[in-house]
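Structural characterization, general
So you can see what is in the structure, the chains are spelled out below.
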Amino acid sequence: MVAGAHPDMELMQLEMFVAVVEERSFRGAAERVFRTQPAVSIAVSKLERELEAPLFDRSERYEYRLTQAGEALYQHATRMLALRSETVSAVGDIRDLRLGRLRIGANESVSLHLLPRLAQAFLTEHPGIRMEVKCERSKSLVEGLKDRKLDLALLSFRPEDTLLDAKFVMQDELVLITSPTHALAAKERVDIKDLAEEPLMVMDVSEPSPWHRKIADAFLQVKAPLHLTVENAPIEMIKKMVAVGMGVAFVPLMSVREEKENRELAVIEVDGFHLERSVWLVRRRAVQSPAAKAFTQTVVSFGEKLRGRAPAVMPKGSGASFAI
């Protein structure tokens, strides 16, 4: 062997060597590692040539006593084989969903009113998975997916990006909410013109959205002024402001179901205004982790239970639906 070169030993050779030491015979070692006796003898001889040192004291034919070099190799070989077993076990735990990590992102309404139910279903079945949740605006979540900082994201639109795939989850819609004591709450239906003098609160107008454009267009079509009094506020803040009579707002229906049932907020139909808001599960076009695949199955099952279907006219986007 060239001075300074490293031996090209293999784990199987080390496993055979350790078996000879512990079984104290080449025959016993061969049975233990499911190899022939000559194969075990050749492996040990090859190790001695690579290391340029005898591993066994062969002064006595049937004594498998280690040399000093053999003792050193045995100590390190057992540690290497144990590390291999730990590695195989760790990969198996991830593959079989006993352990793992799932990084998922969602916007405010989805993270508060949909993701908890999905997380409960998923973590009940896979308690060993650690879930990391990032709640941000959709633009940031899309970038997080592309930068591999997220495995999956739940978005309220289908991204227009060839690097991403999207799968429809459920149908939601934007609805008008008021305080139960508001004059409009007594009406079954209202017209956009009825909102001309109402202070209107909206979320995330700084981020381009088809929902905000359609709200503005609805006011423009009937030549009604749009009085925005609060912009870019979190949905939960908007709900509280509306509840105390500070104005009206358009919010996702999923975010006010509980308040509607408890009569803390009134949800009112608006003639000629129906704005569907779909929820999509989005991922990169790449190999997915076992945890991400399992979560996708949970989301698909949830969507099927809701019997949701994709809207006839989807938000603009080119991402294709993906298979599990």
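Our subject in this report is the structure included herewith. Worth saying up front: this structure is predicted, and the values here are computed from it rather than measured. (Residues numbered from 1 in each chain as written. Predicted model: local features only at pLDDT ≥ 70, side-chain atom pairs only at ≥ 80, totals over all residues. Heavy atoms only, no water.)

Another aspect to go through is the pattern of salt bridges. In a structure, side chains of opposite charge can pair up when their charged atoms sit close to one another. Counted by the stated rule, this structure contains 16 salt bridges. A salt bridge links Glu-22 to Arg-32; the shortest N-O distance between them is 2.7 Å. Pair noted here: Glu-22 is in helix α1 (residues 11-23) and Arg-32 is in helix α2 (residues 26-33), with a separation of ten residues, a long-range link. A salt bridge links Asp-151 to Arg-103; the shortest N-O distance between them is 3.2 Å. (Salt bridge = Lys/Arg side-chain N within 4 Å of Asp/Glu carboxyl O. Helix = DSSP H or I, 4+ residues; strand = E, 2+ residues; numbered from the N terminus.)

Attention now moves to the environment of Asp-57. In this structure, Asp-57 sits in strand β1 (residues 56-57). Residues Asp-57 and Gln-68, spaced eleven residues apart in sequence, show a C-alpha to C-alpha distance of 9.4 Å.

In this structure the tally under the stated criterion is four aromatic pairs. Between the aromatic rings of Phe-122 and Phe-295, the centroid separation amounts to 5.4 Å while the plane-to-plane angle is 80 degrees, which identifies the pairing as edge-to-face. Of this pair, Phe-122 sits in helix α6 (residues 115-125) while Phe-295 is found in helix α11 (residues 290-306), placing the two residues 173 residues apart along the sequence. There is no split in this pair, since Phe-122 and Phe-295 are both buried. Ring plane angle 45 degrees and centroid distance 5.0 Å describe the contact between Phe-250 and Phe-273, whose orientation is recorded as tilted. (Phe/Tyr/Trp six-rings, centres within 6.5 Å; stacked < 30°, edge-to-face > 60°. Buried < 20%, exposed > 50% of the residue type's maximum accessible area, 1.4 Å probe, protein only.)

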